[in-house]
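Coordinate analysis (summary)
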Amino acid sequence: MPSTPTEPDDYVIGRVQQALAHDPRVNELDVTVTIKGGKLFLTGTVTTEERCRAITEIVCRECPDLDVHNEVAVVSLREPDGADVEELT
Amino acid sequence: MSPVRVAAVADVHCGQDSAGTLAPHYEHLAEHADVFVIAGDLTRRGLPEEAQVLAGELADVAAAVPTFAVLGNHDYHSDEEAMVAKVLDEVGVEVLEGAATTVESEGGARVGIAGVKGFGGGFAGACGTEFGEPEMKAFVAHTREISTRLEACLEALTDADVRIALLHYAPVDDTLRGERLEIYPFLGSYLLAEAIDRAGADLVVHGHAHGGSEKGVTPGGVHVRNVALPVINRAYRVYELG
């Protein structure tokens, strides 16, 4: 169901979170959804660029009337160097 | 006994789109670590074909370094968790589900690893109890059962010089700092820490809390590290014990 001007922001956020959890392209439970000033913001991290793009598609389809800002980052996978060790005693 | 170096990561959430994204970053892991542990959420939705992709990414590193994993909540989503574990076992990634094992490091230390998924319930002063509806009782009972199993697994590691508890869910709230308080009961349980403190361990590794913090300690003084990928922001972390 697309969002309507009368739908409270809290329910829109709930609907978007459900969509992100269940869409098989992302199955994402850890993206934070907020609505401020009539804009929808997405924050958090995912592991691939494809999932980051899919998140935008899913949320724009779910909320065609809202200005969607995808600020989700793709997590860094750089390999640590040999000195990057924590000694636990 | 030489120190034991433990490489750790969690929440790789492998999908079909992950092919080729992980293996290059494990290329030098064998130079840095004696064992490699992966703390759950191995796949995006728990499909064997996703596990196949991950198996391909881990095959080389698992051939070079003893590699262990536990499953996370995502790995249970499609009710094919046993097949996910089997696919990984085939490339030498030993999935520990309520099990313990010991491996010898290059320096001659016996490294014991006890692995369970863990579950939620919350922490001191704000936790669920086995009271009321059957669903609520079942929720907390699941955590208690897993915690009891974890304690038995750690106690079974009698010949280990170093003991590691490998979980997906958090045993303490220290490593949840940064997450919203409202979701703490879905991120872990003090029952896991209580089991660890009773049995004893040198290090606890977990994931699941993407917005949390890396470092914590159990009430009994055991180091806890949250190695969820978004928390450590690198391919893996290395901890040196002993």
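Structural notes, computed from the coordinates. Here the residue index of a chain counts from 1 through its sequence in written order. By the order in which they are written, chains take letters starting at A while ligands take numbers starting at 1. Whole-chain, interface and lining totals are the exception, using all residues; otherwise, since this is a predicted model, local features are given only for residues with pLDDT of at least 70 and side-chain atom pairs are given and counted only at 80 or more.

1. Some remarks on the packing of helix 2 (residues 48-64) of chain B against helix 3 (residues 81-89) of chain B
Residues and elements named next belong to chain B. We apply this condition: Angles run from 0 to 180 degrees between N-to-C directions of axes, and those axes are lines fitted to C-alpha atoms, restricted for helices to the stretch in contact. Each helix is a run of DSSP H or I of at least 4 residues and each strand a run of E of at least 2, with the numbering of both proceeding from the N terminus. The cut-offs work like this: below 35 degrees is roughly parallel, past 145 is roughly antiparallel, 65 to 115 is roughly perpendicular, and the gaps in between are oblique. Each crossing gets its handedness from the near helix: less than a right angle anticlockwise from the far helix is left-handed, clockwise is right-handed. Contact between two residues is assigned whenever their backbone-derived C-beta positions fall within 7 Å. Gly counts as polar in this scheme, as do all residues outside two lists: the nonpolar Ala, Val, Leu, Ile, Met, Phe, Trp, Tyr, Cys and Pro, and the charged Asp, Glu, Lys and Arg.
In the contact formed by helix 2 and helix 3, the axes pass within 9 Å of each other and the chain directions differ by 20°. The angle between the axes of helix 2 and helix 3 places the two elements in the roughly parallel class. Crossing angle aside, the handedness with which helix 2 passes helix 3 is right-handed. Counted together, Pro48, Ala51, Gln52, Leu54 and Ala55 of helix 2 and Met83, Val84, Val87 and Leu88 of helix 3 form the full contact between these two elements. Split by residue class, the contact of helix 2 with helix 3 holds 8 nonpolar, 1 polar and no charged.

2. What to know about the pairing of strand 3 (residues 67-70) of chain B
Residues and elements named next belong to chain B. Put simply, the rule is: Comment: burial labels come from other C-beta atoms within 10 Å of the residue's own C-beta, placed from the backbone, where a count of 20 or more is buried, 12 or fewer is exposed, and between is partly exposed. Two strands qualify as a pair provided that DSSP identifies no fewer than 2 bridges between them. Every crossover in which the path from the first strand over the helix to the second runs clockwise, viewed with the strands pointing away from the viewer, is termed right-handed.
Of the two faces of strand 3, the one lined by Thr67 and Ala69 and the one lined by Phe68 and Val70 are each fully buried. Bridge count between strand 2 (residues 35-39) and strand 3: 4 bridges; the pairing is parallel. Paired with phenylalanine 36 across the bridge in strand 3 is threonine 67. Between the parallel pair strand 2 and strand 3, the chain is carried across by helix 2, and the sense of this crossover is right-handed. As defined by bridge partners, strand 3 adjoins strand 4 (residues 93-95) across 3 bridges and the pair is classed as parallel. When the sheet's bridge partners are listed, alanine 69 is paired in strand 4 with valine 95. In this view, the connection linking strand 3 to its parallel neighbour strand 4 by way of helix 3 has right-handed handedness.

3. Focus on helix 2 (residues 49-62) of chain A
Residue and element names in this part refer to chain A. Put simply, the rule is: The span one expects for a helix is its residue count, reduced by one, times 1.5 Å. Here the arc refers to the set of directions running from the helix axis out to each C-beta atom.
Spanning 14 residues, helix 2 covers 20 Å between terminal C-alpha atoms, matching the ideal 20 Å at 1.5 Å per step. Within the span of helix 2, buried status applies to Arg51, Cys52, Ile55, Ile58, Val59 and Glu62. All buried residues of helix 2 project into a common sector of 125° when viewed along the axis, lining one side. Those residues of helix 2 that are exposed and aimed more than 90 degrees away from the buried face are Glu49 and Arg61. Looking at the buried residues of helix 2, the elements they touch are helix 1 (9-22), strand 2 (39-43), strand 3 (45-46), strand 4 (67-70) and strand 5 (73-74).

Keep in mind these numbers describe shape, not what the thing actually does.
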